[in-house]
Amino acid sequence: MSNHSDRAYGLMVLCPLKSETGLDQSPEAFLRDFLNDLPQHELSPMAAVPNTYLCRFFVLNDLVYQGKPAALEHLKSKYLAFVAEIHAPEESDVDEYLRLMWKLAGGGGFVPKAWQYCLGFESVTNADQFVEYMRRCQIQTTLYFNGSTDEPLAEQLKALYLKQEFTRFAYEHQGLPPAALQDAFRAFAARVRPSAATPTWRPGASSLATAVIE
Amino acid sequence: MSNIAGKAYAMNLVTPLTELTADFNKVVFFGLKIPLFKDKLKGLLTLSMIHYARWSIVRPSEFPRVSAAQPVEELNYNYMFFFSNFNGSWAQYVDSFSAAIPDGLNSLWHDNIGWPKAVPQQPFHRYVNDNQLWTNHYYSAYPMAASNDVKAAKQVKEELREFIEDTLQDEPDQFSRKYHALLKRLQDSLSCMAETPIVSLAHQAVVEQCRVDEGIV
């Protein structure tokens, strides 16, 4: 098992769906509609959950038949798959991540809505129970590859902000005499504050016009 | 439904393998984590468009069961779940894998049922296409950034912080020399990010339309 790649963590859960809702659509149809209609990028409910690098939701409906001579087989349950790449140096950080997901995703209302079609979730009413439920449904990673960095998300976003701003600065201040260059750089450093938390990029920012948090 | 979040593409592949193959492949995967064999993963590092990727081999008994009311999964095969977050189009990614690390792919998917080998590309494409599951909601914390941007940004941040400390007391001439040395060191890492180009979108639109036409979605 290797859910970790240094401080990055690969979280995967498969939560079985109820077999019926008593309504005119199956649970997986309701769930798929709900997930498909979620707003994207900075408006995604997951943008509010700290240390989410990337994550995805999909409905695992069944298995793919490989053709003869392979055996034809089907799943007996359908599953909500949640797969996330997060910053979590220790296992305890994963529990904390899930607590914050319960509390913050979509302003706090997202998790109960998304998981309402899952079997056994009716008894989940608080963050600790959500952690317990998710841990029960967790699938261990066999091999994890990190082709990026394992820094806290806030550091990654600050770095992206600095890269963008410093690239512009370098482009706009070519050929200046030393004293003018030094003055301009000091003003730049005072503005972007490389060691401070802000200014930085907003999680999920999809447009340069609205990306910066001052 | 979207496999795309800005510059990132989410791929989900689920493929069957026998229990014997699963046990063997788990040993291979474990070996790849040992420093002696870690070089085998270096091919993946050359594919710098990958943010994160992972493989999970799941036995039938490991499918989560949360209540007695839930039927037990009775499956002949184990299943390997592969998840990747990458930049670029589906075709660019799949072709890059096939061209750069065909032996690595053949090891990672060793003896999966129906695995056609990474080369030639046409059967390989078909295998990936047939076994790919589509994502219903995909989120990236930095949709305007490629994986290379995230890595480059880390270097820019660290160098900038060090440079500011190092030049606090410098006279303008000395500052200027160090500044231009900084630019030289960072020349591979400086570039502006933006909303475009998102090369996957055009391809995605075509694939989605094909799936609609075929009645798949």
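What counts and how
- Residues numbered from 1 in each chain as written.
- Chains lettered and ligands numbered in written order.
- Predicted model: local features only at pLDDT ≥ 70, side-chain atom pairs only at ≥ 80, totals over all residues.
- Heavy atoms only, no water.
- Helix = DSSP H or I, 4+ residues; strand = E, 2+ residues; numbered from the N terminus.
- Rg over C-alpha atoms; globule rule 2.2 N^0.38 Å.
- Buried < 20%, exposed > 50% of the residue type's maximum accessible area, 1.4 Å probe, protein only.
- Areas by Shrake-Rupley, 256 points an atom, 1.4 Å probe, with all protein chains shown as cover.
- Lys, Arg positive; Asp, Glu negative; His and termini not counted.
- Charge placed at Lys NZ, Arg CZ, Asp CG, Glu CD.
- Salt bridge = Lys/Arg side-chain N within 4 Å of Asp/Glu carboxyl O.
- Contact = heavy atoms within 4.5 Å.
- Polar contact = N/O pair within 3.5 Å; in protein donor to acceptor, adjacent residues only side chain to side chain.
- Nonpolar A, V, L, I, M, F, W, Y, C, P; charged D, E, K, R; others polar.
- Pairing = 2+ DSSP bridges.
- Axes fitted to C-alpha atoms, helices over the stretch in contact; angles between N-to-C directions.
- Parallel < 35°, antiparallel > 145°, perpendicular 65-115°, else oblique.

Caption draft 1: Representation of the overall build of chain A. Helix and strand counts for chain A stand at 6 helices and 7 strands. Secondary structure elements of chain A occur, N-terminal to C-terminal, as β-β-α-β-β-α-α-α-β-α-α-β-β. Computed over the C-alpha atoms, the radius of gyration of chain A is 22 Å, more than 25% above the 17 Å expected from 2.2 N^0.38 for a compact globule of 214 residues. Dimensions of chain A, computed from C-alpha atoms along their principal axes, come out at roughly 75 × 40 × 30 Å. For chain A, with 214 residues in total, the buried portion stands at 54%. Carbon and sulfur atoms form 52% of the exposed surface of chain A, whose accessible area is close to 8900 Å². In chain A, 19 positive and 25 negative side-chain charges are present, and the distance between their average locations comes to 2 Å.

Caption draft 2: Geometry of the pattern of salt bridges. What the rule picks out here adds up to 19 salt bridges over all chains. For the salt bridge of Asp128 of chain A with Arg99 of chain A, the shortest nitrogen-to-oxygen distance reads 2.9 Å. A residue pair is termed long-range when its members are at least 10 positions apart, and Asp128 of chain A in helix H4 (residues 127-136) and Arg99 of chain A in helix H2 (residues 91-104) qualify at 29 residues. Note that Arg161 of chain B and Glu155 of chain A form a salt bridge whose closest N and O atoms lie 3.5 Å from each other. Residue Arg161 of chain B is found in helix H6 (residues 147-166), and its partner Glu155 of chain A is found in helix H5 (residues 153-172); the two belong to separate chains. Relative accessible area serves as the criterion here: at 26%, Glu155 of chain A is assigned to the partly exposed category. Through salt bridges with shared partners, one network takes in Glu151 and Glu155 of chain A together with Lys157 and Arg161 of chain B.

Caption draft 3: Highlighting the interface of chain A and chain B. Contacts between the two partners involve 94 residues from chain A, matched on the other side by 98 residues from chain B. Across the chain A-chain B interface, the total number found is 6 salt bridges. A salt bridge links Lys157 of chain B to Glu155 of chain A; the shortest N-O distance between them is 2.6 Å. Applying the counting criterion to the chain A and chain B interface returns 51 residue pairs in polar contact (both at pLDDT 80 or more). When residues of the side of chain A that touches chain B are assigned to their parent elements, the largest contribution, 15 residues, is made by H5 of chain A. Of the residues in the side of chain A that touches chain B, the class split is 55 nonpolar, 26 polar and 13 charged. Looking at chain direction, strand S5 (residues 143-146) of chain A and strand S3 (residues 50-58) of chain B are connected through 4 bridges and run antiparallel. Bridging across to S3 of chain B, Leu143 of chain A finds its partner in Trp55 of chain B.

Caption draft 4: Summary view of the packing of H6 of chain B against helix H7 (residues 172-186) of chain B. Residue and element names in this part refer to chain B. Between H6 and H7, whose axes approach to 11 Å, the crossing angle comes to 170°. On the basis of the axis angle, H6 is roughly antiparallel to H7. Residue-level contacts link Gln155, Val156, Glu159, Leu160, Phe163 and Asp166 of H6 to Phe175, Lys178, Tyr179, Leu182, Arg185 and Leu186 of H7. Counted by class, the contact of H6 with H7 contains 7 nonpolar, 1 polar and 4 charged residues.

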